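Letter by letter, the chains look like this.
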Amino acid sequence: MMKEDGALNDIANKLIQMFNSLFVRKVKDADLCLLRDLITISVTEDGISRPAYEAIREIMLKEGIASFKYEQALNCSPNRIKDIYPTDNEQRQTYLLYLIYVMMKGNSSSLKKMAYIEIVAKKLGLSQIDIILNYKAVKTQLLKSSSKNNHTAHWQVKSSRKFTDYEKSLVEKAQVVDSKYGNSVCFFMKNGSTTYVPLDRNAKSQVGDFIDMDTAEIVTLEKQGERDINRIRV
């Protein structure tokens, strides 16, 4: 009796698997395949980092992949996306390079990630040598990019605005004064306090000049890796 029950259970399980396979079909889309691999290689315990996400979006833009497909790949089970890999050698190398680029850009390198890259490389028909060469190419490119950004980064205008009527009502007078880092504008407040804001380097005003708050502007500057700063433009 127990053998019969076991046989019936096996048959029932097989029927359930067959039934499920009718409704769980794999999505056949090359873009989703690429996005699945990029997301897999970039996700960590804390999710997907901003640099990794930006790297993926960069690739999507280059490859002309629609934005909605990212959310589709993100919310779809990886097992439901069919493997559709390029066959052209140059495209296969590019595919592998994309994976390494996103992993390194997102600082998500680990033995598990490298193992996944090796699996994908094998599916692409590429070798360990191909992985090493692409890894070196990405590392060199990122170092050049980092060096270039460090040398070319400079303060840029983020926004500018006039003083509000309320701000002007709080100030008795505004005068250019000398300071440790160059000329600044000293705002003598009606409550007896003072506030100092650096003067724009291109300003022609000299120490002792009074600032017309009706025409002066507050300029906010930004620079990568730095906090925003304010300057007074006259």
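The rules behind the values
Residues numbered from 1 in each chain as written. Predicted model: local features only at pLDDT ≥ 70, side-chain atom pairs only at ≥ 80, totals over all residues. Heavy atoms only, no water. Patch = residues over 30% accessible without salt bridge, like charges linked within 9 Å, V, L, I, M, F, W, Y side chains within 5 Å. Areas by Shrake-Rupley, 256 points an atom, 1.4 Å probe, with all protein chains shown as cover. Salt bridge = Lys/Arg side-chain N within 4 Å of Asp/Glu carboxyl O. Helix = DSSP H or I, 4+ residues; strand = E, 2+ residues; numbered from the N terminus. Buried < 20%, exposed > 50% of the residue type's maximum accessible area, 1.4 Å probe, protein only. pLDDT = per-residue confidence, 0-100. Contact = heavy atoms within 4.5 Å. Core = buried A, V, L, I, M, F, W, Y, C linked by side-chain atoms within 4.5 Å. Pairing = 2+ DSSP bridges. Axes fitted to C-alpha atoms, helices over the stretch in contact; angles between N-to-C directions. Parallel < 35°, antiparallel > 145°, perpendicular 65-115°, else oblique. Left-handed = near helix turned anticlockwise from the far one by under 90°.

**Considering a nonpolar patch on the surface**
For step 1, the next point in the chain: Judged by side-chain polarity, Ile129, Ile132 and Leu133 come together as a nonpolar surface patch covering roughly 280 Å² of accessible area.
For step 2, the next point in the chain: Within the secondary structure, Ile129 is located in helix 7 (residues 128-152).
For step 3, the next point in the chain: The exposure class of Ile129 is exposed, given its relative accessible area of 52%.

**Comments concerning the confidence of the model for the chain**
For step 1, the next point in the chain: Mean pLDDT over the chain works out to 84, with 84% of the residues at or above the 70 mark.
For step 2, the next point in the chain: pLDDT under 50 marks residues 19-24. Its contacts with residues more than four places away, or in other chains, come to one contact.

**With respect to the nonpolar core**
For step 1, the next point in the chain: Core analysis: the biggest nonpolar cluster contains 34 residues, and Leu38, Ile56, Tyr95, Leu96, Val102 and Ile117 have the highest contact counts within it.
For step 2, the next point in the chain: Every element with two or more residues in this core is listed here: helix 2 (30-42), helix 3 (50-63), helix 4 (68-75), helix 5 (89-105), helix 6 (111-124) and helix 7.
For step 3, the next point in the chain: Sorting elements by how many residues they give to this core places helix 5 first, with nine residues.
For step 4, the next point in the chain: Discounting chain neighbours no more than four positions away, the residues touching Leu96 are Ile117, Ala121, Leu124, Leu126, Asp130, Ile131 and Asn134.

**Section: the sheet that holds strand 5 (residues 182-189)**
For step 1, the next point in the chain: Strand order across the open sheet formed by three strands is 4-5-6, with antiparallel pairing between neighbours. Across the chains shown, the open sheet's two edge strands, defined by having one partner strand only, are strand 4 (171-179) and strand 6 (194-198). On average, each strand axis in the sheet is tilted by 25° relative to the strand beside it, whichever way the strands run.
For step 2, the next point in the chain: In this structure, strand 4 lies alongside strand 5, joined through eight bridges in antiparallel fashion. Of the residues in strand 5, the one forming a bridge with Val176 is Val185.

**Things to note about the packing of helix 2 against helix 3**
For step 1, the next point in the chain: The contact between helix 2 and helix 3 brings their axes to 10 Å, and the two run at 160°. Put simply, helix 2 runs roughly antiparallel to helix 3. Both helix 2 and helix 3 take part in a crossing whose hand is right-handed. Packed against helix 2, whose contacting residues are Leu34, Leu35, Leu38, Ile39 and Ser42, the element helix 3 presents Ala52, Ile56, Ile59 and Met60 at the interface.

**Brief notes about the pattern of salt bridges**
For step 1, the next point in the chain: Applying the stated rule across the entire model yields 11 salt bridges.
For step 2, the next point in the chain: A salt bridge links Asp83 to Arg36; its shortest N-O distance comes to 2.7 Å. Of this pair, Asp83 sits in the loop between helix 4 and helix 5 while Arg36 is found in helix 2, placing the two residues 47 residues apart along the sequence.
For step 3, the next point in the chain: Looking at Asp83, the relative accessible area reads 34%, which means it is partly exposed.
For step 4, the next point in the chain: Two residues, Asp214 and Lys168, come together in a salt bridge whose shortest N-O distance is 2.8 Å. Taken together, the residues Asp214 in the loop between strand 6 and strand 7 (217-222) and Lys168 in helix 8 (residues 165-170) connect sequence positions 46 residues apart.
For step 5, the next point in the chain: Here the residues in one salt-bridge network are Arg36, Asp37, Asp83 and Lys123, joined through shared partners.

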